[in-house]
Amino acid sequence: GSRHTHEQPNAVYRNARPHTMIDPMVRSRRVVLTDGVNRDEIDDLAHRVGWRLSNVITANPQLPAQVIFSTTEAQTFIFMVEDARLDAVYLMAAGPEHEKAERQGRQLPHVDREVLSTMLAPTASKTIRCRGLGLLVLVAANEPRTDDLNVINQAMQDPDEQLRRSALTACSYAPWG
C-alpha cells in the first residue's frame, strides 16, 4: 500500500483543471520523494511557498491517488501522485511556472541519480535493489540514460526471481503524466 492515504472523497473545485488538458511542453520533471517524507512535510512546504489545495482525487483503475495544489501563478498546478504500483510518491508541476514549482518541490528530500545509483549497486540488499528498479522508471523518465536499460537488462537476467520481476515491472510500466 501507499504511505500516504487520503480518506477524503473526490472533491472538484472550480479552479482545478483535468489532467488531460495539460500541455506536455509545460510539465516539469518528476520529483520522486524519499520514503521518509510524510504528508506533514509536504503540507508544510505547500504552506511555506504558497501552494493551495485545489483538488483531491482518490485512486481508481485508470489513475493513481493525487493531491493537486495550485500556485499563486495562474494555471500552474503541482500534482502529488501516490503511485501504488511502484510504491512511490512524486511531485510533478504543470503550467507556465512549472520550473519554479519543481525547484520548490526539490526542497523536500528526493531521489536523485546519486541516491538511485546507491540503491541499484550490486552490493545493496535485494529489497533495496528491487525498490531502486521501481524508482528508476520515474527518474529515468526525467533524463533517460543509456545505462538505465543496461541496469534493467542485468536485473532481468539475475538468478533472483524477485529482481527479475521488479525489472520487468520497471521496463513495462509507464508512470502517469
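Before reading further, recall that the structure is shown in the block above.
### Quick word on the pairing of strand β5 (residues 88-94)
- In terms of residue burial, β5 counts as a mostly covered element, since 7 of its 7 residues are buried.
- Neither face of β5 is left uncovered, since the one carrying A88, Y90, M92 and A94 and the one carrying V89, L91 and A93 both have all their residues buried.
- Inspection of the sheet shows strand β1 (residues 31-32) paired to β5 by 2 bridges, in the antiparallel sense. Its bridge partner being in β5, V32 is matched across the sheet by Y90.
- Note: strand β4 (residues 77-83) against β5, 7 bridges, orientation antiparallel. By the bridge assignment, I78 is partnered in β5 with A93.
- Between the antiparallel neighbours β4 and β5 lie 4 residues, among them D87 with a positive phi of about 50°.

### Some points on empty space enclosed by the protein
- Tallied over the full model, the rule gives 1 cavity of 30 Å³ or more.
- In this structure, the largest cavity occupies an estimated 40 Å³ of space.
- Taken together, S28, V31, W51, I78, L91, M92, A93, A101, E102 and G105 form the lining of the largest cavity.
- Of all the secondary structure elements, the ones that give two or more residues to the lining of the largest cavity are β5 and α2 (98-105).
- Its residues placed into classes, the lining of the largest cavity shows 7 nonpolar, 2 polar and 1 charged.

### Notes on the nonpolar core
- Grouped together as the largest cluster of nonpolar side chains are 27 residues, with contacts concentrated most on V32, L116, L133, L135 and L138.
- Elements that contribute at least two residues to this core include exactly β4, β5, α3 (113-120), α4 (126-142), α5 (146-156) and α6 (161-172).
- Those residues in contact with L116, other than ones at most four positions away along the chain, are V111, G132, L135, L136 and V139.
- Counting residues in hydrophobic clusters, the runner-up holds 16 residues, among them V67, M80, A93 and A101.

### Description of the packing of aromatic side chains
- Tallying each qualifying case throughout the model produces 1 aromatic pair.
- Between the aromatic rings of W51 and F69, the centroid separation amounts to 5.8 Å while the plane-to-plane angle is 40°, which identifies the pairing as tilted. Here the residue W51 occupies a position in the loop between α1 (39-49) and β2 (52-57), and F69 occupies one in strand β3 (residues 65-70), the gap between them amounting to 18 residues. F69 carries the same exposure label as W51, and that label is buried.

Calculation rules
Residues numbered from 1 in each chain as written. Predicted model: local features only at pLDDT ≥ 70, side-chain atom pairs only at ≥ 80, totals over all residues. Heavy atoms only, no water. Buried < 20%, exposed > 50% of the residue type's maximum accessible area, 1.4 Å probe, protein only. Helix = DSSP H or I, 4+ residues; strand = E, 2+ residues; numbered from the N terminus. Pairing = 2+ DSSP bridges. 1 Å grid on protein atoms, 1.4 Å probe; cavity = no way out; pocket = protein on both sides within 12 Å on 5 of 7 lines; lining within 4 Å. Points joined across faces, edges and corners; volume = space filled by probe spheres on them. Nonpolar A, V, L, I, M, F, W, Y, C, P; charged D, E, K, R; others polar. Core = buried A, V, L, I, M, F, W, Y, C linked by side-chain atoms within 4.5 Å. Contact = heavy atoms within 4.5 Å. Phe/Tyr/Trp six-rings, centres within 6.5 Å; stacked < 30°, edge-to-face > 60°.

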